[in-house]
Amino acid sequence: HLAALVLARGGSKGIPLKNIKLLAGVPLIGWVLRAACDAGVFHSIWVSTDHDEIEKVAKQFGAQVHRRSPEVSQDSSTSLEAIREFLNHHHEVDIVGNIQATSPCLHPSDLIKVAHLIQKEGFDSVFSVVRRHQFRWSEVKKGENKMTEPQNLNPAKRYRRQDWPGELYENGSFYFAKRHLIEKGYLQGGKMAYYEMRAEHSVDIDIDIDWPIAEQRVLSFGYFGKEPLKEVKLLVCSVDGCLTNGRIYVTEDQKEMVSYDYRDMVGIDLLKKRGIQVRLISERDCSKTLSAMQLGCIAKVSATNKSQVLEEWQKDMGLSWKEVAYLGNEESDVECLKKAGMSGVPADACALAQKAAGYICKSSGGCGAVREFAEHIFLLLEKVNSARKQ
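Residues numbered from 1 in each chain as written. Predicted model: local features only at pLDDT ≥ 70, side-chain atom pairs only at ≥ 80, totals over all residues. Heavy atoms only, no water.

**Considering the packing of aromatic side chains**
Within this structure, the stated rule accounts for eight aromatic pairs. On the basis of an interplanar angle of 25° and a centroid distance of 5.1 Å, the ring pair of Phe-135 and Trp-164 is categorised as stacked. Taken as a pair, Phe-135 in the loop between β7 (125-132) and β8 (167-178) and Trp-164 in the loop between β7 and β8 lie far apart in primary sequence, 29 residues in all. The class of Phe-135 is partly exposed, set by a relative accessible area of 26%. Ring centres of Tyr-159 and Trp-164 lie 6.1 Å apart, and the angle between their planes is 5°; this geometry places the pair in the stacked category. The class of Tyr-159 is partly exposed, set by a relative accessible area of 44%. Among the aromatic residues, those joined into a cluster by ring pairs are Phe-42, Phe-174, Phe-176 and Tyr-195. It is Arg-34 that lies over the ring of Trp-31; its NZ or CZ is 5.0 Å from the centre. (Phe/Tyr/Trp six-rings, centres within 6.5 Å; stacked < 30°, edge-to-face > 60°. Helix = DSSP H or I, 4+ residues; strand = E, 2+ residues; numbered from the N terminus. Buried < 20%, exposed > 50% of the residue type's maximum accessible area, 1.4 Å probe, protein only. Lys NZ or Arg CZ within 6 Å of the ring centre and 35° of its normal.)

Below is the structure:
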């Protein structure tokens, strides 16, 4: 029995609740859980946590949850202690694949190959490494009267990068080990093997300054699911709660007013310039409001069945679902969010909509969420174009 185990303690000295903080619109832990689920090699997938919110997110991404004890949830607790506690409660598990939540560029293909090494080739432990081309020098501590010394180079004959194979370093993405090793107190031992990951997939988030860098790396090299990404041709946006903040102001003479963010208008304009159609949808009759906004977008108001409207538009335009993006925020948007190839919600969307979406904006509805989602679409289009060139 091969079990994937992600350790996700609630406490974090660097970034509070780091394991479920949104990275490129997805909770950090969601990236590795998606890869583990799609690898198809694990008999069970677990998250070991002491926090209710982490448990909720773990279950959303298809993992089972092991509630770890306070004894192994301290700042001083080690990964080995948490893994051994997990094994004490799950006697069916023979091999543990300890996957780090802080490695969001992990791909299923890596996990499949590692499972083969430990299940078919007889290795007792396998861990991930990355190749680096860095010259090392000995440390000279303050007050010491001595010179530094080269550790892995000859200064008189420095290698060119292309002439030097580099060195292997642990990158912390995963550690697979058989039960008998872990019970003896080892994550690495017995018949050992390393698995070399591609440098662009070796992203490890430890401090806050890494976050914006990691988001760019994930958008470029992350794993987005089994189906290949396609170029988006249509964005459908729910009006109330996405384009607006959902509030309706009523004057004394019973006229309705809503507010919108100019940044969202710019986002719509940028999408159109990139050849992406933008259409709007609403459950209520807001035709006067949309007319006043002068967005120049096709709109469907008083839509009692948004999914049906979306299907009609998709078929009329000859598009596959993968070419449709959808931005919604309510329960009535859930079916559309699930069908669309790219889906997003504002930060203040309802829980069901957030669960169904592939991207959760940092901005709230009516406060720049449309522009933010547009930027996300542009970044993923770059990923699609890059894949075509390769």
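**Looking at the packing of helix α1 (residues 28-39) against helix α4 (residues 108-119)**
Where α1 contacts α4, the axes come no closer than 8 Å and their chain directions differ by 55°. Taken together, the axis directions place α1 and α4 in an arrangement best described as oblique. In terms of crossing hand, the pair formed by α1 and α4 is right-handed. Side by side, α1 and α4 meet where Ala-35, Ala-36, Asp-38 and Ala-39 of the first sit next to Pro-108, Leu-111 and Ile-112 of the second. (Axes fitted to C-alpha atoms, helices over the stretch in contact; angles between N-to-C directions. Parallel < 35°, antiparallel > 145°, perpendicular 65-115°, else oblique. Left-handed = near helix turned anticlockwise from the far one by under 90°. Contact = heavy atoms within 4.5 Å.)

**Examining the domain arrangement of the protein chain**
Examined at the domain level, the protein chain breaks down into domain 1 (2-221) and domain 2 (234-389). Here the C-alpha centroids of domain 1 and domain 2 sit 37 Å apart. On the side of domain 2, nine residues touch domain 1, which itself brings ten residues to the contact. A buried area of about 790 Å², summed over both sides, lies between domain 1 and domain 2, and 60% of it is on carbon and sulfur atoms. Between the two partners, domain 1 and domain 2, sit one salt bridge. In this structure, Lys-362 engages Glu-215 in a salt bridge whose closest nitrogen and oxygen atoms are separated by 3.6 Å. (Domains from an automatic or database assignment. Buried area = accessible area lost by both parts, 1.4 Å probe. Salt bridge = Lys/Arg side-chain N within 4 Å of Asp/Glu carboxyl O.)

**Some details on the environment of Tyr-194**
As for its placement among the helices and strands, Tyr-194 is situated in strand β9 (residues 192-197). Here Tyr-194 falls in the partly exposed class, since its relative accessible area comes to 46%.

**Considering the sheet that holds strand β1 (residues 2-7)**
Reading across from one edge, β5-β4-β1-β6-β8-β7-β9 is the order of the seven strands in this open sheet, with mixed pairing throughout. Either end of the sheet is taken by a strand with one partner, and the two such strands are β5 (64-67) and β9. Taken over all neighbouring pairs, the strand axes of this sheet differ in orientation by 30° on average, direction set aside. Docked against the sheet, α1 engages β1, β4 (44-49) and β6 (95-99), running at close to 160° with respect to β4. Taken strand by strand, α4 contacts β1, β6, β7, β8 and β9, and its axis lies near 65° from that of β8. (Pairing = 2+ DSSP bridges.)

**A look at the nonpolar core**
Core analysis: the biggest nonpolar cluster contains 43 residues, and Leu-243, Leu-280, Phe-373 and Ile-377 have the highest contact counts within it. The greatest single-element share of this core, amounting to eight residues, is contributed by helix α13 (residues 369-389). Once you skip the residues sitting within four places of it in the chain, Ile-377 turns out to touch Val-232, Leu-235, Leu-271, Ile-276, Ala-325 and Met-342. Phe-42, Val-65, Val-126 and Tyr-195 belong to the second-largest nonpolar core, a separate cluster that totals 37 residues. (Core = buried A, V, L, I, M, F, W, Y, C linked by side-chain atoms within 4.5 Å.)

**Quick notes on the sheet that holds strand β13 (residues 277-281)**
Spatially, six strands are ordered β14-β13-β10-β15-β16-β17 in an open sheet, and the strand pairing comes out parallel. Two strands lie at the open edges of the sheet, namely β14 (298-300) and β17 (359-360), each paired on one side alone. Here five bridges tie strand β10 (residues 234-238) to β13, and the two strands are oriented parallel to one another. Counted as the bridge partner of Cys-237 is Leu-280 from β13.

**Observations regarding the state of the cysteines**
Here a disulfide denotes a covalent bond joining the sulfur atom of one cysteine to the sulfur atom of another. Tallying each qualifying case throughout the model produces zero disulfides. Here Cys-237 is not cross-linked by a disulfide; its sulfur's nearest cysteine counterpart is in Cys-242, at 5.0 Å. Take Cys-237: its relative accessible area is 1%, and that puts it in the buried class. Cys-237 provides the cysteine sulfur closest to Cys-286, a residue in no disulfide bond, and the two sulfurs are 11 Å apart. (Disulfide = S-S within 2.5 Å.)

**A word on unusual backbone geometry**
Most peptide bonds take the trans configuration, and most residues that are not glycine carry a negative phi. Not every positive phi belongs to a glycine, and Ser-302 is a case in point at roughly 55°. You can see Ser-302 is positioned in the loop between β14 and α10 (306-316).

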